[in-house]
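Listed below are the residues making up each chain.
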Amino acid sequence: MRTAANASSTEHESAAHANEVKQQPSRFYYPDDELIEKPFNWAQMRRLFAYMRPYKRQLLPALIVLIIVDTLTKLSIPFLISYAIDSAIAPKDMDPSLRMLYIVAGTILGLYIVQWAANTYRIKFMSMIGQRIIYDLRADLFKHIQTLSFRFYDKRPAGSVLVRITNDVNSLQDLFTNGAINVLVDLLQLVGIVIILMFLNVKLAIAVMITVPIMFVVSTRLRRHIRMAWQDVRIKQSRINSHLNEAIQGMRVTQAYAQEQENMKFFDKMNRINKASFDRASMMNQTFSPIIEVTSAIGGFILFWYGSHLIQVGAITVGVLFAFAQYVGNFWEPINRLGMMYSQMLIAMASSERIFEFMDEKPNVDENKQAKQLPVVKGDIQLDSVVFEYEAGRPAIRNISFDVEAGQSIALVGHTGSGKTTIISLISRFYDPTEGRVLVDGQDIRHVQLNSLRTQIGIVMQDTFIFSGTIRDNIRFGRLDATDEEVEAAARSVHAHEFIDQLPMGYDTEVQERGSALSMGQRQLLSFARALLADPRILILDEATASIDTDTEIKIQNALKTLLKGRTSFIIAHRLSTIRDCDRIIVLNQGVIQEQGTHDQLMDTQGTYYGLVAAQFKYM
Ligand SMILES: Nc1ncnc2c1ncn2[C@@H]1O[C@H](COP(=O)(O)OP(=O)(O)OP(=O)(O)O)[C@@H](O)[C@H]1O
């Protein structure tokens, strides 16, 4: 039995629930991905439809044929039936003609077959062209985002980039596969039907069209709300997916810190929000159909009530009333579809705006038109009074100048956040300096083609990225035309061969996403092999030996020597033992060079480097 006390607690709970549901968890929330619809924008529509242009030749003739066939069949069939009733079944002279009936029925059958063939063709053809357009659009977008600089990715969560390439492009699919062409056919049909109805009987035509505005409002406004509600469900679901993605990737940390319950609470909240959104959308859906049915029924009532009156007074024939009923039936279909198209178009406006925003994003690191190919370099590098700010007014490095001769190895050392990674990012031209210049073989790298610069620089990062594919593919990523022998030789030189050989399929072992089945050290050895294979003139090792055990480290110290030989190299290492043999050690502090020299020189000076080395040995 429901007592007053538990009733009030339930009310309290449901109020709390409603409140919670209103509150969105701020994680996995990208404000600009929220807007579902945008007002119609002609310029944007033109830009979107420009994607149809390459298919103009295929589209235009098909369009003309479809319009003719579809309009003619839809308009003529009711007319023929009405004719059959009035001339063959119940003519005024009361002399039915079976022959005439056969002819009309045969013609109608023929028309239906033509209509069926045209429709099958339309659906197949439009979905084919639509898919091609979506393919082009997605390819364009992906091609473009690959050119965008680090700055772009610094300020955008990966999820938001993903949503644009997947969901936003998908939401244009309907517009291209079903929409655009049908609008023309539907509009023509509507005009045709109105003209015929007026021709058959003006008064009855006006009477049945009274319900048109109601129908139009219902199918545009209400449908819009329904679509928005379903879009909301989609957004909530995509947020759950983003969360799941993070939760699965972070499962080890969650379990290690025993945060399962906390995580469950967060998930539960998202799940409840999703359910509420779904309930709302399906409730709206349920109200939609009855409204449409009642409105059509009112239309039908007016038609037959007023129509039978007109028959009685002899203003129309039974055949005409029958034709009216058919035409009115055919009338709702295009109106409904146009309403749907309208809301699809508004959604397309929002999605295409987001897509074009990405496409219009200029790479911060841009290649100017006069950029020249950088010939094979010797490897001299110069930083000339370089200042760099990630955010305006907060320099990460200040007034850095140094010269490196080809073949020298340089170590960058300093506390965390002192600017080491920033310097190597500038040498690879992932960013352009705010002030000053970076020169390779005496050429300002802003004036050479990016590709010709980057193919001569090899980078091994601490967080090595392993792509899904085989071990061999991953090493070959360094140079795609390398032979199997070259891949293996590179792996042997950096002592990666030993562990690869022990894998079940050797070099053909499939590595899972991001190489999760490999240890950190193994991943690094792979990236060493990858860099060696690429044979770059300039090599950058960013904390590359951090995850390798001392045993392996000793082994690969020698390999490193092979790797570094004859190349200009920059090594960032917290483990100072790895950089003892470097030609020069540059010590950074809060974005400026504090001291530089060889290991021995810096130890003699007893400055910051000496302090860092001493600190490291103290704790060993
Ligand atoms: N993408 C970024 N956006 C804004 N600030 C950044 C960005 N990357 C680095 N910084 C800032 O620039 C400064 C230098 O960072 P940098 O990564 O070069 O340091 P680091 O010496 O390589 O540090 P670590 O040894 O921890 O890798 C830091 O203060 C850091 O907070």
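The structure this text deals with has already been given above.
The model shown is predicted, which means the values in this text are computed figures rather than measured ones. (Residues numbered from 1 in each chain as written. Predicted model: local features only at pLDDT ≥ 70, side-chain atom pairs only at ≥ 80, totals over all residues.)

A. Representation of the nonpolar core. If you look at the biggest cluster of nonpolar residues, it comprises 64 residues, and the most contacted ones within it are Ala411, Leu412, Val494, Phe528, Ala529, Ile585 and Ile586. Of all the elements, helix H17 (residues 520–534) adds the most residues to this core, at 8 residues. (Core = buried A, V, L, I, M, F, W, Y, C linked by C-beta atoms within 7 Å. Buried ≥ 20, exposed ≤ 12 C-beta atoms within 10 Å, placed from the backbone. Helix = DSSP H or I, 4+ residues; strand = E, 2+ residues; numbered from the N terminus.)

B. The arrangement of the site of the ligand in detail. Neighbouring residues of the ligand: Asp154, Tyr390, Glu391, Ala396, Gly414, Thr416, Gly417, Ser418, Gly419, Lys420, Thr421 and Thr422. At the level of secondary structure, the elements contributing two or more residues to the shell around the ligand comprise strand S1 (381–391) and helix H12 (420–427). If you tally residues by element for the shell around the ligand, the top one is H12, at 3 residues. Class assignment for the residues of the shell around the ligand results in 2 nonpolar, 7 polar and 3 charged. (Near = placed C-beta within 6 Å. Nonpolar A, V, L, I, M, F, W, Y, C, P; charged D, E, K, R; others polar.)

C. Highlighting helix H10 (residues 260–312). End to end, H10 covers 78 Å across 53 residues, agreeing with the expected 78 Å (1.5 Å per residue, within 8%). Considered for burial, the residues of H10 that qualify are Met270, Ile273, Ser277, Ala281, Gly299, Leu303 and Gly307. Just past H10, the residue Gly314 takes up positive phi, approximately 80 degrees. (Expected span 1.5 Å × (residues − 1).)

D. Looking closely at unusual backbone geometry. We note that Arg429 has phi near 55 degrees; this positive angle belongs to a residue other than glycine. By the secondary structure assignment, Arg429 is in the loop between H12 and strand S4 (435–440). On the basis of neighbour counts, which here come to 21 C-beta atoms within 10 Å, the residue Arg429 falls in the buried class. Of note, the phi angle at Asp535 is positive, near 50 degrees, even though the residue is not glycine. Relative to the helices and strands, Asp535 resides in the loop between H17 and strand S9 (538–542).

E. Spatial organisation of the environment of His225. Relative to the helices and strands, His225 resides in helix H8 (residues 211–249). Here His225 falls in the partly exposed class, since 15 other C-beta atoms lie within 10 Å of it. When the C-alpha atoms of His225 and Ala281 are compared, they prove to be 8.7 Å apart, with 56 residues separating the residues in sequence.

F. Expanded view of the pairing of strand S6 (residues 457–460). The side-chain alternation of S6 yields two buried faces, one formed by Ile457 and Ile459 and the other by Gly458 and Val460. Of the pairings in the sheet, the one linking S6 to S9 comprises 4 bridges and is parallel in character. Opposite Ile459, over in S9, you have Ile540 as the bridge partner. (Pairing = 2+ DSSP bridges.)

G. Structural view of the sheet that holds strand S2 (residues 394–404). The strand order S2-S1-S4-S5 describes an open sheet built from 4 strands, whose pairing is antiparallel. Looking at which strands have only one partner, the edges of the open sheet turn out to be S2 and strand S5 (443–444). One ladder, built from 5 bridges, connects S1 with S4; its direction is antiparallel. Bridge pairing in S4 links Val387 to Glu435.

H. Local environment of the packing of H10 against helix H11 (residues 318–360). Orientation of H10 relative to H11, taken along the N-to-C sense of each, is 165 degrees, at an axis distance of 10 Å. Looking at the two axes, H10 sits roughly antiparallel to H11. Every pair of crossing elements has a handedness; the one defined by H10 and H11 is right-handed. Facing Ser296, Gly299, Leu303, Gly307 and Ile311 of H10, the residues of H11 in contact are Val318, Leu321, Phe324, Ala325, Val328 and Trp332. (Axes fitted to C-alpha atoms, helices over the stretch in contact; angles between N-to-C directions. Parallel < 35°, antiparallel > 145°, perpendicular 65-115°, else oblique. Left-handed = near helix turned anticlockwise from the far one by under 90°. Contact = placed C-beta atoms within 7 Å.)

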